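Report on the structure
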Amino acid sequence: MTPPFRAAILAAALLAVLAVAAPAATGPTPVRYEADTPHSQVGFTARYMGVVDVRGTFPEFRGTLMLVADDLPRSTVSVVMDANSIETGNKQRDKDLRGPDFLDVVRFPKLRFTSTSVAAAGDGLAVTGDLTLRNVTKSVVLDVQPIHPAMTDALGVTRIGYLGRTRINRFDFGVVGNKFWNNEFAPGRFAIGDTIEIALTLEARIEDLERRKAPAGKRRPVVDSLAAVARAQGAAGVGRALRRVRESSAYDLSAGALTLLGGRLLQRGDEASAIEVLRQAAEIHPNAADVHAELAEAYWVSGQREPAMQAATRAVTLDPYHTSARETLRWARGDGRAW
């Protein structure tokens, strides 16, 4: 892992969904990456009748990756998949898989993966993590191979890619099916293979928030102007400006707009201004998980662990599957527990 290119490749592989042991309360700050879901895929393959492979995906998922590039074993990741989004190319089969005999998406709407450890394995990585399906959690190991190292695209987005594979026994997670599929004296028993292959093809990214446009709406935008105030006058100035704007109903103070503003300020390294904006945003939108999650990150990056834990806990209370808030909470606590 000493050659520079090999180190970059292994970093790329880790960034995508794989990572690891408990971070200490102090030490280097990881870089946060979010899974780029439109350019990623969470897929699986099951054998049918012993001869045909049926492939499916979970198109709706989210993931947060925390990378310590110079100390990979300290990195962590959380991924959550929407069970109801399962697609196999057959509507009736998808309906059956969503039902109580298989995934039971009404009772168990999410699948999740949380990293626990990582180790070098040949040219790639062996990543161990907890996979939860139907509220059953088992430790699995992903065989991870890099797709490409970190690079910046034409839109200023930093990207990395990897491919991770593992196999599970569906019976270990209670994915059994009805009596037809389990009758040893009927063809159904042999229709679905016991082993399911899982393949995670993921792009993770860091977006350049200066390039992202504020949400379009009927009210006047404030993101660019308040960002300029913060640059010129600092946290106190942007705080006063935002309080004045709050007195008018003519401006866009949506959760999306204020979260974007706070994220821009944080990317600039202006943590104090980001905290001021996001703190007021949390007052305006007390039930917006994204706002509290962004505020938690701002507090944590600035070294304020207790407020970070409080904000992250609020975000998780509002959205128990908010991977970004979960990862911030894991790092702010410093105990490695993510779920």
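Quantities reported herein were computed from a predicted structural model and do not represent experimental measurements. (Residues numbered from 1 in each chain as written. Predicted model: local features only at pLDDT ≥ 70, side-chain atom pairs only at ≥ 80, totals over all residues. Heavy atoms only, no water.)

Points about the pairing of strand S5 (residues 76–82)
Among the seven residues of S5, seven are classified as buried, and the element is accordingly described as predominantly covered. Here S5 shows no split at all, with Thr-76, Ser-78, Val-80 and Asp-82 on one side and Val-77, Val-79 and Met-81 on the other all buried. Sheet analysis places strand S4 (residues 61–67) next to S5, joined by six bridges and oriented antiparallel. Following the sheet pairing, Thr-64 is matched in S5 by Ser-78. (Buried < 20%, exposed > 50% of the residue type's maximum accessible area, 1.4 Å probe, protein only. Helix = DSSP H or I, 4+ residues; strand = E, 2+ residues; numbered from the N terminus. Pairing = 2+ DSSP bridges.)

A closer look at the pairing of strand S8 (residues 136–152)
As defined by bridge partners, strand S7 (residues 124–133) adjoins S8 across nine bridges and the pair is classed as antiparallel. Bridge pairing in S8 links Val-127 to Leu-142. Here S7 folds back onto S8 in antiparallel fashion, the turn holding two residues, of which Arg-134 has a positive phi close to 55°. Sheet analysis places S8 next to strand S9 (residues 158–169), joined by seven bridges and oriented antiparallel. Paired with His-148 across the two strands is Gly-161, which belongs to S9. Joining the antiparallel neighbours S8 and S9 is a turn of five residues, in which Gly-156 adopts a positive phi near 80°.

Concerning the nonpolar core
In terms of nonpolar packing, the biggest core is built from 41 residues, with Phe-58 and Ile-168 touching the most fellow members. The element best represented in this core is strand S10 (residues 192–206), accounting for six residues. Not counting the four nearest positions on each side in its chain, Phe-58 is found in contact with Val-42, Phe-44, Met-81, Asp-82, Ala-83, Ser-85, Ile-86, Leu-103 and Leu-111. Listed in part, the 39 residues of the second largest apolar core include Ala-241, Leu-242, Ala-282 and Ala-298. (Core = buried A, V, L, I, M, F, W, Y, C linked by side-chain atoms within 4.5 Å. Contact = heavy atoms within 4.5 Å.)

Notes on helix H7 (residues 305–318)
With 14 residues, H7 should cover 20 Å at 1.5 Å per step; its first-to-last C-alpha distance of 20 Å lies within 8% of that length. Taken as a whole, H7 has its buried residues at Ala-308, Met-309, Ala-311, Ala-312, Ala-315 and Val-316. Next to the buried residues of H7 lie helix H6 (289–301) and helix H8 (323–333). (Expected span 1.5 Å × (residues − 1).)

Re the environment of His-292
By the element assignment, His-292 lies in helix H6. Given a relative accessible area of 9%, His-292 falls into the buried group. A C-alpha to C-alpha distance of 8.6 Å links His-292 and Thr-313, two positions 21 residues apart in sequence. In this structure, His-292 is in contact with Ala-282, His-285, Pro-286, Ala-311, Ala-312, Arg-314, Ala-315 and Leu-318, ignoring residues within four places of it in sequence.

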